[in-house]
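Report on the structure
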Amino acid sequence: MGRVPMKKYLVDDTDYYVYSRGRGPILLFAHGFPFDSRLFVPVVDLLESRFHCVVPDLRGFGMTKLGANGHNPEGHPRVKMGRFADDLAILTAILACQEHNKDAKIVLCGLSMGGYISLSFARRHPERLDGLIFCDSNTTQDSPEKVQNRLALADTVDATNVAQTVDNMIPTLLCGETLEHRHDIVEQLRTIMRSQTPAAFAAASRGMAKRGDSSDILSQITAPTLVLGGEYDQLSNVACLDAIAAKIPNATRATIPHSGHLPPLENPEAFAKAVVKWYDEKIGSTH
Ligand code: MLT
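Residues numbered from 1 in each chain as written. Predicted model: local features only at pLDDT ≥ 70, side-chain atom pairs only at ≥ 80, totals over all residues. Heavy atoms only, no water.

**Remarks on the overall build of the chain**
A tally of helices and strands in the chain yields 11 helices and 8 strands. In terms of principal-axis extent, the alpha carbons of the chain reach across some 50 × 40 × 40 Å. Residue burial in the chain is summarised as follows: out of 287 residues, 55% are buried. Looking at the chain alone, contacts between residues at least 24 apart form 77% of all its contacts between residues at least 6 apart. Carbon together with sulfur atoms contributes 52% to the accessible area of the chain, which is approximately 11,900 Å² in total. Of the charged side chains in the chain, 30 are positive and 33 negative; the average position of the first set lies 4 Å away from that of the second. (Helix = DSSP H or I, 4+ residues; strand = E, 2+ residues; numbered from the N terminus. Buried < 20%, exposed > 50% of the residue type's maximum accessible area, 1.4 Å probe, protein only. Contact = heavy atoms within 4.5 Å. Areas by Shrake-Rupley, 256 points an atom, 1.4 Å probe, with all protein chains shown as cover. Lys, Arg positive; Asp, Glu negative; His and termini not counted. Charge placed at Lys NZ, Arg CZ, Asp CG, Glu CD.)

**Things to note about the pattern of salt bridges**
Working definition: two side chains of opposite charge can pair if their charged atoms are close together. Scanning the entire structure with this criterion turns up 21 salt bridges. A salt bridge links Arg59 to Asp12; the nearest nitrogen and oxygen atoms lie 3.0 Å apart. Taken as a pair, Arg59 in the loop between strand S4 (52-56) and helix H2 (81-98) and Asp12 in the loop between strand S1 (7-11) and strand S2 (14-21) lie far apart in primary sequence, 47 residues in all. Among the ionic pairs, Arg190 bridges to Asp167, the shortest N-O distance being 2.8 Å. With Arg190 in helix H7 (residues 183-194) and Asp167 in helix H5 (residues 162-173), this pair connects stretches of sequence that are 23 residues apart. By relative accessible area, Asp167 is classed as partly exposed at 24%. Here the salt bridges share partners, and the residues they tie into one network are Asp12, Asp13, Arg59, Arg83 and Asp87. (Salt bridge = Lys/Arg side-chain N within 4 Å of Asp/Glu carboxyl O.)

**Some points on the nonpolar core**
Ranked by internal contacts, the top residues of the largest apolar core, which has 92 residues, are Phe29, Met113 and Ile133. Discounting chain neighbours no more than four positions away, the residues touching Phe29 are Phe40, Val43, Val44, Leu47, Cys53, Val54, Val55, Pro56 and Cys109. (Core = buried A, V, L, I, M, F, W, Y, C linked by side-chain atoms within 4.5 Å.)

**Some details on helix H9 (residues 238-247)**
Residues lying three or four places apart along an α-helix face the same way, a consequence of the helix completing one turn every 3.6 residues. Within the sequence span of H9, burial applies to Leu241, Ile244 and Ala245. The buried side chains of H9 occupy one side of the element, clustering within an arc of 100° when seen end-on. Exposed side of H9, more than 90 degrees from the buried face: Ala239 and Ala246 are the residues found there. Check the buried side of H9 and you find it contacts strand S6 (129-135), strand S7 (225-230) and strand S8 (251-256). (Arc of directions from axis to C-beta.)

**What to know about helix H4 (residues 144-156)**
Counted at 1.5 Å a residue, the expected span for H4 with its 13 residues is 18 Å, and the 18 Å between its end C-alpha atoms agrees. Every buried residue belonging to H4 is among Val147, Arg150 and Ala154, and all of these are buried. Viewed along the axis of H4, the buried residues span an arc of 65°, placing them on a single side of the element. Of the exposed residues in H4, the ones pointing more than 90 degrees away from its buried face are Glu145, Gln148 and Asp155. Of the surrounding secondary structure, the elements contacted by the buried residues of H4 are helix H3 (113-124) and helix H8 (198-210). (Expected span 1.5 Å × (residues − 1).)

**A few points about the pairing of strand S3 (residues 26-30)**
With 5 of its 5 residues buried, S3 lies for the most part within the structure. Following the backbone out of S3, through helix H1 (residues 41-47) and into the adjacent parallel S4, one traces a crossover that is right-handed. As judged from the 4 bridges shared by S3 and strand S5 (residues 106-111), these two strands associate in the parallel manner. Bridge assignment links Ala30 to a residue of S5, and that residue is Gly110. (Right-handed = clockwise from strand over helix to strand, strands pointing away. Pairing = 2+ DSSP bridges.)

**Observations regarding the side chain of Arg78**
Its place among the elements puts Arg78 in the loop between S4 and H2. One buried charged residue, Arg78, forms no salt bridge at all, with the nearest opposite charge on Glu74 at 5.7 Å. Setting aside its immediate chain neighbours within four residues, Arg78 contacts Asn69, Gly70, His71, Asn72, Pro73, Ala203, Arg206, Gly207 and Lys210.

**A closer look at unusual backbone geometry**
Look at the link from Phe33 to Pro34: it is a cis peptide, with omega at -5°. Not every positive phi belongs to a glycine, and Ser112 is a case in point at roughly 55°. Classification of Ser112 as buried rests on a relative accessible area of 11%. Non-glycine residue His258 carries a positive phi angle of around 55°.

**Focus: the site of the ligand**
The ligand sits among Gly32, Phe33, Phe35, Ser112, Met113, Tyr116, Arg150, Met208, Leu235 and His261. Between Met113 and the ligand, the recorded distance is 2.9 Å, taken from a backbone N or O atom to an oxygen atom. Measuring from an oxygen atom of the ligand, one finds a side-chain N or O atom of Tyr116 at 2.5 Å. Protein coverage of the free-state accessible area of the ligand, which is 270 Å², stands at 91%. (Near = heavy atom within 4 Å. Polar contact = N/O pair within 3.5 Å; in protein donor to acceptor, adjacent residues only side chain to side chain.)

From the geometry alone we can't say anything about function, so treat these as descriptive.
As structure tokens, this is what we get:
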């Protein structure tokens, strides 16, 4: 999966590389771990006729460098969810200025780690949200065991073990049908994940380990929200996403069939259809 031409924006202390297509309301995507903007290319192909799709490689991932602020005070790679959220707010402000509407709002779509980031964004920059799409993610803090696993990964990941780390993760990310019958998707995903640097793995792992519980923010999200997940997601299952949707005042729930944790790759058509239907019902009609 080759890289498409990317735009470049100076965000805080690093150049953010951004895949940008289409015209219309801004739909900003935040990818999961350990991916980059390529996760969303199949859905952008389907959504660019309706939205200005903006898909950054988040700090440290893809072509975007970690920058000094992608490190903790001891100098180790670490990006907290709030840092990613603030980066996206800066990017939003830049795009708003380009559109000559400095107060422009966006629809933010965050998948898994991107979902953690989207909740941080909802807490820190609620005035920017026209809508939220919360995909295959959760709101709870990691268990102590999970924290230890993340910190161990951060401390041990290097160029010699990225490939093995990725190969161990893939069966948990995709549904059985994708794993068995869609070898093209499995290989696309492997390529995306194996191309991330050890520093990116370490930075985001330490950042996720550090995150707190976000459940309290759900009842305060006033923007229309689509809670979306793959039917066979092992990491954020249907019941968990149902419970999250029930706590958000203006939530719509959609389940994507034939998909595990990564609906934008596994079933982009159903993903795009759910987004357009929700947008037209909940947001488009109010503009
Ligand atoms: C992701 O897809 O972003 C990860 O599963 C998030 C996590 O490790 O919690």
